Amino acid sequence: MSYASETKNELARIEPEKKCCMLAEIAGFMRFAGSVGFAGGGKFRMVMTTPNLAVVRHYKKLIRNYFDVDTDIEVGAGGSNVRGLKGAKAKEYIIRIGPENNSEMILREMGILIVREGLNTLSDGIYDGLIRTKCCRKSYLRGAFLGAGTVNNPDSSHHFEISTSSEICAKDLRRLMNTFVDINARIVERKTGYGVYLKARDQIADTLAIMGASKTYFDYQDKIIRKDTISAARKIEQLDLVNMDKSIHAAERQIADIKRIAEKRGLKSLSPKLSEIAVLRLENPDLSIEELGQLVSPPLSKSGVNNRLRRISEIAKGL
């Protein structure tokens, strides 16, 4: 099961307590997972599709509780109406609302069917009357995600997106999402429409929490922390390797300088302090500067050892 499907299964278990939130969530799902067509005689029908059985059961229940309409769930072969699926062979679940289920009244309450110049007209955006409060905006966003959303597993990449065929609807959804603190949704044009998306991992995690996916939110954060920990450990390991390489190269240069002095003048030409550190370095080529300082009598600090080795290097260069 995909990460998006697991997230939707969790969200599908949420039952809005307020009527206004229930209406907003149904509207979000209808707008992003549904299509409206004519049923003859100037009547309308609504068709909503999803590949997720838990989601379609959830909205069948919400629609019954809010509108007192008992719809049937149909099963069909995948088609162009299945949101978020690349292939056309995936199973889809369908909810149909026709004139016999008061479809016109439902569409009007959703803000999908409006009257303009005395004629019934289908709107192409999000009805503001449904999202006046913060709780309703959360519910509408949850419905939109359950209808046409996807979220990647953070182990692979960070991406959250809700698809729509309407540019106006995409702009309205972006505006809705950006009413929440620190959320900065963007729009991308796709071959089949538009996507309202997030790439910032913290914003994705916050959006999961906003929609009510608490379990997924904590899982997402846990994966981020684990990923960061592994990344930090790798950086430290790489830094240690770089430092080790630097230490090895530095020791090789120091030994070369000491051998040059030994060949040209002999180590006895050095002062007792320089001669002592030179002999210790020749005898202990693998020791670090700190470890080398512990062998000096009395022990010498790292800066003290470096000063003596630097003076030896200057003498070697002068030969």
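As a reminder, the structure under discussion sits directly above these lines.
Every chain's residues receive numbers from 1 upward, in the order its sequence appears when written. This being a predicted model, a pLDDT of at least 70 is required before a residue's local features are given, and a value of 80 or more before pairs of side-chain atoms are given or counted; all residues contribute to the totals for chains, interfaces and linings. Based on all heavy atoms of the structure, the side-chain values leave hydrogens and waters out of the count.

Across the interface, helix α1 (residues 3-11) lies against helix α8 (residues 214-264) with an axial gap of 8 Å and an inter-helix angle of 145°. Residues Y3, T7 and E10 of α1 touch α8, and the partners they reach there are S214, K215, T216, D219, Y220 and K223. Any residue that is not Ala, Val, Leu, Ile, Met, Phe, Trp, Tyr, Cys, Pro, Asp, Glu, Lys or Arg is counted as polar, Gly included; the first ten are nonpolar and the last four charged. Of the residues that constitute the contact of α1 with α8, the class distribution is two nonpolar, three polar and four charged. Note on geometry: axes are lines fitted to C-alpha atoms, helical ones only across the stretch in contact, with angles between N-to-C directions running from 0 to 180 degrees. In this description a helix means any DSSP run of H or I spanning at least four residues, a strand means any run of E spanning at least two, and both kinds are numbered starting from the N terminus. Should any heavy atoms of two residues lie within 4.5 Å, those residues are counted as being in contact.

This part covers the pairing of strand β4 (residues 92-97). Among the six residues that make up β4, five are buried, leaving the element largely enclosed by the rest of the structure. Here a strand pair is declared whenever DSSP counts at least two bridges between the two strands. By the bridge criterion, five bridges tie strand β2 (residues 43-50) to β4 in an arrangement that is antiparallel. Along β4, the bridge assignment pairs T49 with I94. Examined bridge by bridge, strand β3 (residues 73-76) and β4 share four bridges and lie antiparallel to one another. Counted as the bridge partner of V75 is Y93 from β4. For every residue, the accessible area obtained with a 1.4 Å probe (protein chains only) is divided by the maximum for its type, and the residue is called buried under 20%, exposed over 50%, and partly exposed between those limits.

Turning next to the sheet that holds strand β1 (residues 34-40). If you walk across this open sheet you meet the four strands as β1-β2-β4-β3, and the pairing is antiparallel. Two strands in the sheet have a free side with no partner beyond their single neighbour: β1 and β3. Between one strand and the next, the sheet's axes are offset by a mean angle of 30°, whatever the strand orientation. In the packing of helix α2 (residues 19-33) onto the sheet, contacts are made with β1, β2 and β4, and the angle to β2 comes to roughly 90°. Along the sheet, helix α3 (residues 53-67) contacts β2, β3 and β4; its crossing angle with β4, the most-contacted strand, is approximately 15°.

Time to look at the pattern of salt bridges. One side-chain nitrogen of Lys or Arg within 4 Å of one carboxyl oxygen of Asp or Glu is enough to make a salt bridge. Inspection of every chain in the model, using the stated rule, returns twelve salt bridges. Where R142 meets E25, a salt bridge forms, and the shortest distance between an N and an O atom there is 3.0 Å. Of this pair, R142 sits in helix α5 (residues 134-148) while E25 sits in helix α2; the two residues are 117 residues apart in sequence, bridging distant segments of the chain. With respect to burial, R142 and E25 carry one shared label: buried. A salt bridge links K302 to E290; its shortest N-O distance comes to 3.6 Å. Pair noted here: K302 is in helix α11 (residues 302-317) and E290 is in helix α10 (residues 289-295), with a separation of twelve residues, a long-range link. Residue classification places E290 among the partly exposed positions, given a relative accessible area of 40%.

All right, on to the packing of aromatic side chains then. Each pair of aromatic rings taken from Phe, Tyr and Trp, with Trp reduced to its six-membered ring, is defined by centres within 6.5 Å and is described as stacked if the planes are under 30 degrees apart, edge-to-face if over 60, and tilted in the remaining cases. This structure, assessed with the given rule, holds six aromatic pairs. With 5.1 Å between their ring centres and 70° between their planes, Y217 and F218 make a pair best called edge-to-face. Residue classification places F218 among the exposed positions, given a relative accessible area of 57%. A ring is scored as having a charge over it whenever the NZ atom of a lysine or the CZ atom of an arginine sits within 6 Å of its centre and within 35 degrees of its normal. Seen from the ring of F145, K8 lies directly overhead, with NZ or CZ sitting 5.6 Å from the centre. Lying across the ring of F180, R137 places its NZ or CZ 5.9 Å from the centre.

A few words on the packing of α2 against α3. In the contact formed by α2 and α3, the axes pass within 10 Å of each other and the chain directions differ by 130°. Judged by the angle between their axes, α2 and α3 are oblique. The interaxial crossing formed by α2 with α3 has left-handed handedness. Facing K19, M22, L23, E25, I26, F29 and M30 of α2, the residues of α3 in contact are V55, H58, Y59, L62, I63, N65, Y66 and F67. Of the residues contributing to the contact of α2 with α3, the split by class is eleven nonpolar, two polar and two charged. Between 65 and 115 degrees an angle is taken as roughly perpendicular, under 35 as roughly parallel, over 145 as roughly antiparallel, and anywhere else as oblique. The crossing is said to be left-handed when, going from far helix to near helix, the turn is anticlockwise and less than a right angle, and right-handed when the turn is clockwise.

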